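Here are the chains, one letter per residue:
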Amino acid sequence: GEFGRHRIMEITGLPARDLRMLDPQLSYPSTILGRDRAVVVNLEHVKAIVTAAEVLVRDPGNPRLRPFLQELHARLALPDASTTNPATDDMELGGDQGNVPMPGSAKIQPFEFKVLEVCLEHTCKCMESETLALEKEAYPALDKLTSKVSTLNLEHVRQIKSRLVELTGRVQKVRDDIEQLVDDDTDMSEMYLTRKLAFQRVDESSVKLDSNKHASPDHEDEKEEEDSGDDIESSHASSAFVKPDVEELEMLLEAYFVQFDGTLNKLCHLRDYVDDTEDYINMMLDEKQNQLLQMGVMLTTATVVITAGIVVVSLFGMNIHIELTLDPETPEMARIKNRKFWETTWATVAGCAAIYILAIYAGKKSKYLQ
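Residues numbered from 1 in each chain as written. Predicted model: local features only at pLDDT ≥ 70, side-chain atom pairs only at ≥ 80, totals over all residues. Heavy atoms only, no water.

Q: Would you mind going over the pattern of salt bridges in detail, with residue names and values included?
A: All told, the structure shown has 19 salt bridges when counted by the stated rule. Residue Glu71 pairs with Arg75 through a salt bridge whose shortest N-O separation is 2.7 Å. On the criterion of helical spacing, the pair formed by Glu71 and Arg75 is a turn pair, its members being 4 residues apart in helix H3 (residues 66-76). With a relative accessible area of 30%, Glu71 lands in the partly exposed category. On the accessibility criterion, Arg75 (16% relative accessible area) is buried. A salt bridge links Lys266 to Glu128; its shortest N-O distance comes to 2.5 Å. With Lys266 in helix H9 (residues 247-316) and Glu128 in helix H4 (residues 111-147), this residue pair connects regions lying 138 residues apart in the sequence. (Salt bridge = Lys/Arg side-chain N within 4 Å of Asp/Glu carboxyl O. Helix = DSSP H or I, 4+ residues; strand = E, 2+ residues; numbered from the N terminus. Buried < 20%, exposed > 50% of the residue type's maximum accessible area, 1.4 Å probe, protein only.)

Q: Account for the UniProt feature "coiled-coil region" (unreviewed entry) in the protein, naming residues and giving values.
A: On the UniProt side, "coiled-coil region" (unreviewed entry) is annotated at positions that read residues 157-184 here. Helix makes up 96% of residues 157-184 and strand 0%, with an end-to-end C-alpha separation of 40 Å. (UniProt positions renumbered as here; feature names shortened; annotations may be inferred.)

Q: How would you summarise the nonpolar core if you had to cite specific residues and measurements?
A: Counting residues in each nonpolar core, the largest one holds 54 residues, and the members touching the most others are Val55, Phe68, Leu116, Leu120, Leu249 and Leu253. The set of elements that each furnish at least two residues to this core consists of strand S2 (39-43), strand S3 (46-50), strand S4 (54-58), H3, H4, helix H5 (151-183) and H9. With 14 residues, the single largest contributor to this core is H4. With sequence-adjacent residues up to four places away left out, Leu249 is seen in contact with Phe113, Leu116, Met188, Met191 and Tyr192. (Core = buried A, V, L, I, M, F, W, Y, C linked by side-chain atoms within 4.5 Å. Contact = heavy atoms within 4.5 Å.)

Q: Break down the environment of Ala353 for me, with residues and values.
A: Mapped onto the elements, Ala353 comes out in helix H10 (residues 331-365). As for Ala353 and Gly309, which are separated by 44 residues in sequence, their C-alpha atoms are 9.8 Å apart.

Q: How would you summarise the packing of aromatic side chains if you had to cite specific residues and measurements?
A: Enumeration according to the criterion identifies 2 aromatic pairs in this entry. Here Tyr139 and Tyr273 contribute two aromatic rings whose centre-to-centre distance is 4.9 Å and whose plane-to-plane angle is 70°, an arrangement assigned as edge-to-face. On the criterion of sequence distance, the pair formed by Tyr139 in helix H4 and Tyr273 in helix H9 is long-range, its members being 134 residues apart. You can call Tyr273 partly exposed: its relative accessible area is 31%. (Phe/Tyr/Trp six-rings, centres within 6.5 Å; stacked < 30°, edge-to-face > 60°.)

Q: Just give me the short version of the packing of H4 against H5, but keep the residues and values in it.
A: It is at 10 Å that the axes of H4 and H5 come closest, and there the two elements cross at 155°. What the angle tells us is that H4 and H5 run roughly antiparallel. The hand of the H4/H5 crossing is left-handed. In this structure, H4 contributes Leu120, Met127, Glu130, Thr131, Leu134, Glu137, Ala138, Ala141, Leu142, Lys144 and Leu145 to the contact, and H5 contributes Asn153, Leu154, His156, Val157, Ile160, Arg163, Leu164, Leu167, Arg170, Val171, Val174 and Ile178. Grouping the amino acids of the contact of H4 with H5 by side-chain chemistry returns 15 nonpolar, 3 polar and 5 charged. (Axes fitted to C-alpha atoms, helices over the stretch in contact; angles between N-to-C directions. Parallel < 35°, antiparallel > 145°, perpendicular 65-115°, else oblique. Left-handed = near helix turned anticlockwise from the far one by under 90°. Nonpolar A, V, L, I, M, F, W, Y, C, P; charged D, E, K, R; others polar.)

Printed below as a string of structure tokens:
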């Protein structure tokens, strides 16, 4: 509801456009955004808002999120974290209350990095499982298409290729986002919510201390405080140019970058196999087409030759008076007529065959036929 959205905006300090990014009805691409008081995580079906002490998960009743929520609760239930399960609107909230280490304390993984790691791990596992399932289905289908080109096999491979393109784009997007984060130290520094909160508390305590000292009636103390204040400001100004310490987050992101990159390489290899199969199929079809064309040429040549024989028959079948068409007057003339008939017939057949063989030889000689 509207109340839940406004309440979340008060808790996290996020603008409405960032909350709109987590709306399941809107198809926003995967992304990880570091804000002043929260980190917005939109990885596939994992949509969460992470602060320094709590995490809000969108649509916790989604069955696909059950393994993610179980792993999240297990990770936050470790000795240095505690979990709670209040609800705000349609988002589930888990928290690590009071776990904000001060500078110089024991090295503990920040709460937001624990949640971010679970989000990346779950997304990586889902994409890896989808990739393995697609490989298990694709390779046999491609081999089957190679052995027999049919409409059914072609349609199956077309569907596999569509899924491959879609999955490759999703993995590529997450991989590119992680790479972009790793390359930008400022964006990674923004995601250190626990550290920013700790320094904010230190600044507030120093401001209170400065106000107490300024309340002293001693003028010299006031002057010393002004000098010290100037020193603090100069130190802050100089520290602004110091490269932020983001080694912990960089190592975390690089580890999952390698995993997403490995998944992407598997998809690229599968895509290459699909392309090779398509090239092979096209070569097979071209060969079949060439064979059909050659057969068409041979049949056309045979038709032309037979037509030449028909012309001879037609000439002799005309109603003109020649010796072959006259009635024989004696048995001798009948034998001569019969002999000339067969001579003409076999000469016509032999001539047609000779013309056909000559035409085929000329085609092979010119390499039009194989």
